[in-house]
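Here is what each chain is made of, one letter per residue.
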Protein chains: 2
Amino acid sequence: MKNISKEDYLSVIFKNLNYDGEIKPNIIAAKLSISNAAVTDMLKKLAKDGFVVYKRYKGIQLTEEGESYARNMVRRHRIWEVFLNQVVGMPWDKVHDEANRLEHSSSDDLIDRLEVMLDYPEYDPHGDPIPSKEGKLPKIKKHRPLSELKENETSTVIRVNDFDESFLKYISKIGIKLKEKITVKERRTFDKSMEILINGKPWNISNKLAQNIFVEMK
Amino acid sequence: MKNISKEDYLSVIFKNLNYDGEIKPNIIAAKLSISNAAVTDMLKKLAKDGFVVYKRYKGIQLTEEGESYARNMVRRHRIWEVFLNQVVGMPWDKVHDEANRLEHSSSDDLIDRLEVMLDYPEYDPHGDPIPSKEGKLPKIKKHRPLSELKENETSTVIRVNDFDESFLKYISKIGIKLKEKITVKERRTFDKSMEILINGKPWNISNKLAQNIFVEMK
DNA sequence: TTAAATTATTAAGCATACTTAAATTAAAAT
DNA sequence: ATTTTAATTTAAGTATGCTTAATAATTTAA
Ligand SMILES: [Mn+2]
Ligand SMILES: [Mn+2]
Ligand SMILES: [Mn+2]
Ligand SMILES: [Mn+2]
């Protein structure tokens, strides 16, 4: 293939399939910030290429080929993120955007070399699992958004959403990182904001922030 | 800018300017393997963008902005090559193609980080000089193609053309690398092929091969 | 210095990946 | 069950970066 747009469509589809393995066009459009019409267009092409199953007005599915292509894109993305973070020393709030471009520009050979250098990492800097060359995903602990914790519950951060630089920058600043313990001290019904304890220090965070941080579900 | 095509045009123009700082469209077309018509088209766009000076039927020049953009592209390319070769362990015959894609997909910040990691390298794996962030090129020794050496002359390889994988693979195989000494034992007028000595071993090489290897001019 | 060859430009057309607007279908609300 | 809203598709159009064919200008050779 080798087509940045198509690769981005496949990644978005793969990462947003529902429990039936389907996705609706408007979700794709929203994630890619393009019109629904453009998505319809592209879905027809992807179907002709054999990457998706497309029937008008029905949920979109990935074919086996589409899924494996998409999974490989996710692999590329996350291996780049680990590499940029661990080897190049780029902060975790910068690696996602950089990887979003590099993922389309590297040979499988390069990705494999990076993986070896990194000694086969299983998770990216934000806690997302990295598919192996064979397409297998490592197990990831059950988790839920921090926003769902009850008052006085404590849990451990195991994943954060990685697509917004300023979000990551801010949570780093207040001491949130992977494996960090967080306690919810107070939940406010009015705006769902909460007071949390990190390293003994109290912070007020919005519901939207809490929705993008994921903690262990024991 | 951020446009792969335009970046490639600027690189090719920069690397192929004649001594008057000009280049003709057909050279660009040949280097990019596209039609002359496409080049005329794009030159108009690049002129409108302020990157080149374009007057119908005249030699093309880079503006100051165009030159600095192009120089930075060359910098990106060569830093990637060094990184891939030295850090990732990719052989020198593979790094050019990989860098040709990565050069368009990396932030200046990433390039600068790679440069620091590599401790400000001055030459790429093929002996080409790397422009500094400020656009300065390190001095490179005077050199000439191996094909111009006289019989029984010996000289040191300081640069090789990097755009053909099989060429690089072959010359590696027969022991040619940077800083290697080569002696010309015999030159044949018929096809300009020559017998050379590398590490005491004799090899027959074609004129075309010899034209792509550059040795010190003392 | 004229003719021939080469190079450059224009013109028309194509594929890709978008857009907005209008029409159609499906889903949700009453 | 009907209406309203939302999602999807179709249609028409745009910008980009190419193509080939025809034309024009320049360069080279005779
Ligand atoms: Mn990411
Ligand atoms: Mn990530
Ligand atoms: Mn190169
Ligand atoms: Mn090189």
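What you are looking at is a predicted structure, and each value in this text was computed from that prediction instead of being measured.

What counts and what doesn't
Residues numbered from 1 in each chain as written. Chains lettered and ligands numbered in written order. Predicted model: local features only at pLDDT ≥ 70, side-chain atom pairs only at ≥ 80, totals over all residues. Heavy atoms only, no water. Least-squares fit on C-alpha atoms with pLDDT ≥ 70 in both. Contact = heavy atoms within 4.5 Å. Core = buried A, V, L, I, M, F, W, Y, C linked by side-chain atoms within 4.5 Å. Buried < 20%, exposed > 50% of the residue type's maximum accessible area, 1.4 Å probe, protein only. Helix = DSSP H or I, 4+ residues; strand = E, 2+ residues; numbered from the N terminus. Phe/Tyr/Trp six-rings, centres within 6.5 Å; stacked < 30°, edge-to-face > 60°.

Q: I'd like to hear about the relation of the copies chain B and chain A, residue by residue, with values.
A: Mapping chain B onto chain A is achieved by rotating through 180 degrees and translating by 0.0 Å along the same axis, at an RMSD of 0.0 Å. Taken together, the rotation angle and the small translation identify this as a two-fold axis. By residue overlap, the copies meet face to face through one surface: 100% of the interface positions of chain B are interface positions in chain A.

Q: So what's going on with the nonpolar core? Residues and values would help.
A: One finds A:Trp80, A:Leu84, A:Leu110, B:Trp80, B:Leu84 and B:Leu110 to be the most contacted residues of the largest nonpolar core, which totals 30 residues. For this core, the secondary-structure elements that each account for two or more residues are α4 (64-87), α5 (95-102) and α6 (108-117) of chain A together with α4 (64-87), α5 (95-102) and α6 (108-117) of chain B. The contact partners of B:Leu84, leaving out residues within four places of it in the chain, are A:Leu110, B:Gly89, B:Met90, B:Val95, B:Glu98, B:Ala99 and B:Leu102.

Q: Tell me what's going on with the packing of aromatic side chains, and back it up with residues and numbers.
A: Within the structure shown, the criterion is met by 6 aromatic pairs over all chains. Their ring planes at 85 degrees and their centres at 5.9 Å tell us that A:Trp80 and A:Phe83 sit as a pair that is edge-to-face. In this pair, A:Trp80 and A:Phe83 both sit in helix α4, 3 residues apart, roughly one turn of the helix. For the residue pair A:Trp80 and A:Phe83, the accessibility class agrees, reading buried in each case. Among the aromatic residues, those joined into a ring-pair cluster are A:Trp80, A:Phe83, B:Trp80 and B:Phe83.

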